[in-house]
Structures are given as structure tokens and as C-alpha cells.
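Coordinates in review
Spelled out, the chains give:
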Amino acid sequence: MNRRSFIKSTGIASLGLSLKIDKTFSQSDNSSVDPLVIATWDVKKATKKAWEIISSNGNSLDAIEQGCMIEEANKDGQSVGIGGLPDREGNVTLDACIMDHYGNCGSVVYLKDIKHAISVARMVMEKTPHVMLAGDGAKKFAISMGFKKENLLTEKSKKDWIKWKENEEYNPIINIENHDTIGMLAIDKNKNISGGCTTSGLAYKMQGRVGDSPIIGSGLFIDNEVGGAVATGLGEEVLKTVGSFLVVELMRQGYSPEEACKIAIERIVKKPGSNYKNFQVGYIALNKKGETGSYSIQNGFSMTQYDKTGNVNYDSPYFHKQG
Ligand code: SD4
């Protein structure tokens, strides 16, 4: 599918950015929807795993968890799970969150030594009275739930960090270090939407830094009446605009997923003094009708979608047209 037919299938053909009064998302809507999963970046193995679950009557929450786990376990991915690039002091610290179709959510921040942050986040949601656990408490909880401790700093990431220390220049690189952070949204046969987001955050961040990815409403938001959204890129900019919540609220007003992502990106780039040319943010979104879309600031972002037609990575439309 080329970008034009992708845009068509995601509803952007109806682009008209006036406020729309929407009747689409009433709970009494009995229309059926084919299951599908979307994820940030080119993560076909992760979407394949999630698809196996939702295409065989599994639920979207299990699909999200298991799909995200694929990237967390991939040692070559340097911005999620094991192999993630460390902070300036050499600590690999993970952030993740998950949200189900009831609006339940769980989150972990600054998690060390446990690679499946998404599963710990799910346990926080299901086994504790809380939404978010941080640092030592999150790790202690994970171990009490049977998670195994392991060293997440691989030889490759350690080498890269030691090299970085020669100059210690902190300069997030557009699209490069972002490549494997995974945000995922799925709708199952029961039209239930869930989402997850998992990352080791920005490479060489200050010790203790937490980004948008584990923050409900910023890195991820789901409202099962409307849809879901998830973010990637420079988390500070997503946090300042509560990006994923904004995308879902725009879809509630009737904007298509791509329109909603575009408006949320414009919210960032049009801020007075924004230096958007120097960073990347990308959103993907899915609505209750099974329509999907994405939008980013820079070229180079992509979305992987697995539905009944196959597992395809699409280049995302973007704001900053150079030249
Ligand atoms: C963060 N948003 O920690 C994450 C990083 C990311 O793709 O998404 N990279 O700011």
C-alpha cells in the first residue's frame, strides 16, 4: 500500500479541520470491527506477536503486553528493555505503562534490572491499589511477583556509553536513538482497545530523568468509547502538551486519527519559541471504528500495522518539510 491509499484508508481524505460534532462513538454502536494492532516504528516482530493473539480471539491487553515484550527482550534494540542505552552514569532505567479498555492503568518509572517493564506495569495495574511505582519500590515489587533480575547493560550499549563519555555532549539525535521505543495500540474482536508504551528513555539522560512514556495521558491514553493514542520521541515536549490525551480528545470531537495526531503535533511546533527543527515527536492513534493514523514533526517516523491484510510498515506524514 502506498501512502496515498494508506491516507485514504485512515480517513484523512475527509480532512477538514473545523470542529465536528460527532455521533460516531456512542456506546450503542453495534457495528463490528476487524481486530488490528499498530505500533510506533518498524517493529514487525512485535506486531506479529500481538496479531497472533488478537486474531485468535485473544484480548487486546494480552496482545499489547506480549507484543511489547518482544522488543524488550531484543538485545539489539537500544532504546527499550535489555540493551537500552544508559543514563549519564551508566544506569539502564526503564519506563513503561499499560492501559486497558476499562480505563485501568499501571506504570513503572526508573525501573532497574528487570527487562519486562511492560509486564511489571501490568502487575501494578492488576495486583496493587496504585497506578504508578518508581525506582527501588518498583523493582522490589517486580521481584516479589517473580520477575528475574538481570544486567540490562549489554556490551554494545556499554561501549557506546563509554565512547559518549569522551565528550559528554548531550544532544538527542532525531530518529536515531528513538528507533525501538515501542508504543502499541490494539483493538480486539470485542472492540476493546488497549495500549502500552515501553522504553529505556532518552540515551544519556540525567540520572533520575523520567520521560513521557510511563505517564498516563502523555505517553499513552485509551478511552474505549473513542480510541487510543501513543507517543514517541522527545518526551519532554510530549509531557508539556499532555499529547496522547490530547489526541484522544480530538478524536472524541470527530477528527480522524491522523488529523488528531497532526493537530497535537502542531500544538508542539507552534508554541512560541519552539525549536522543533531539532527534535522529533511522533504520535500514532486508533479509533473505535478501527481507523488508524500517525503524524510526526520530522521525516523518518513510521508506524507498523498488522491487520487482516498483513503486517506493513508505513512512513508517517510529517510537519517539517525541509528545503
Ligand atoms: C522518552 N519518549 O523517554 C521517550 C523516548 C522515545 O522513541 O519515545 N523514544 O522521552
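Residues numbered from 1 in each chain as written. Predicted model: local features only at pLDDT ≥ 70, side-chain atom pairs only at ≥ 80, totals over all residues. Heavy atoms only, no water.

**Quick word on the overall build of the protein**
Put simply, the test is: Secondary structure counts use DSSP, requiring at least four H or I residues in a row for a helix and at least two E residues in a row for a strand, with both numbered from the N terminus. Categorising residues by exposure relies on relative accessible area from a 1.4 Å probe, with only protein chains included: less than 20% of the type maximum marks a residue as buried, more than 50% marks it as exposed, and the intermediate range marks it as partly exposed. We call two residues in contact whenever any of their non-hydrogen atoms come within 4.5 Å of each other. Computed with a 1.4 Å probe, the accessible areas rest on the Shrake-Rupley method; for each residue, only the protein chains presented here act as cover.
Helices and strands together make up the secondary structure of the protein, namely 9 helices and 12 strands. Within the span of the protein, comprising 323 residues, buried residues form 58% of the whole. Taking as baseline every contact in the protein between residues at least 6 positions apart, the subset at least 24 positions apart corresponds to 67%. Summing over all exposed atoms, the protein offers an accessible surface of approximately 13,800 Å²; the carbon and sulfur share of this is 49%.

**Considering the side chain of K288**
Cut-off, in case you're wondering: Under the rule applied, a polar contact is a pair of N or O atoms within 3.5 Å (in protein, one hydrogen donor and one hydrogen acceptor; residues adjacent in sequence only if both atoms are side-chain atoms).
The topology assignment puts K288 in the loop between β9 (281-287) and β10 (292-296). One polar contact links the side chain of K288 to the main-chain carbonyl oxygen of K191, over a distance of 2.4 Å. From its side chain, K288 meets the backbone oxygen of N224 in a polar contact 2.9 Å long.

**Observations concerning the packing of helix α8 (residues 243-252) against helix α9 (residues 257-269)**
How we decide: Between N-to-C directions, angles span 0 to 180 degrees; the directions come from axes that are lines fitted to C-alpha atoms, helices contributing only their stretch in contact. Put simply, angles under 35 degrees are roughly parallel, angles over 145 are roughly antiparallel, angles from 65 to 115 are roughly perpendicular, and the rest are oblique. We call a crossing left-handed when the near helix sits turned anticlockwise from the far one by less than a right angle, and right-handed when that turn is clockwise. Three classes are used, and their members are as follows: Ala, Val, Leu, Ile, Met, Phe, Trp, Tyr, Cys and Pro are nonpolar, Asp, Glu, Lys and Arg are charged, and the others, Gly among them, are polar.
Axis separation between α8 and α9 bottoms out at 8 Å; the angle between their running directions is 135°. The orientation of α8 relative to α9 falls into the category oblique. Read as a crossing pair, α8 and α9 show a hand that is right-handed. From α8, G243, L246, V247, L250 and M251 reach across to α9, where they touch P257, A260, C261, I263, A264 and R267. Across the contact of α8 with α9, the residue classes tally to 9 nonpolar, 1 polar and 1 charged.

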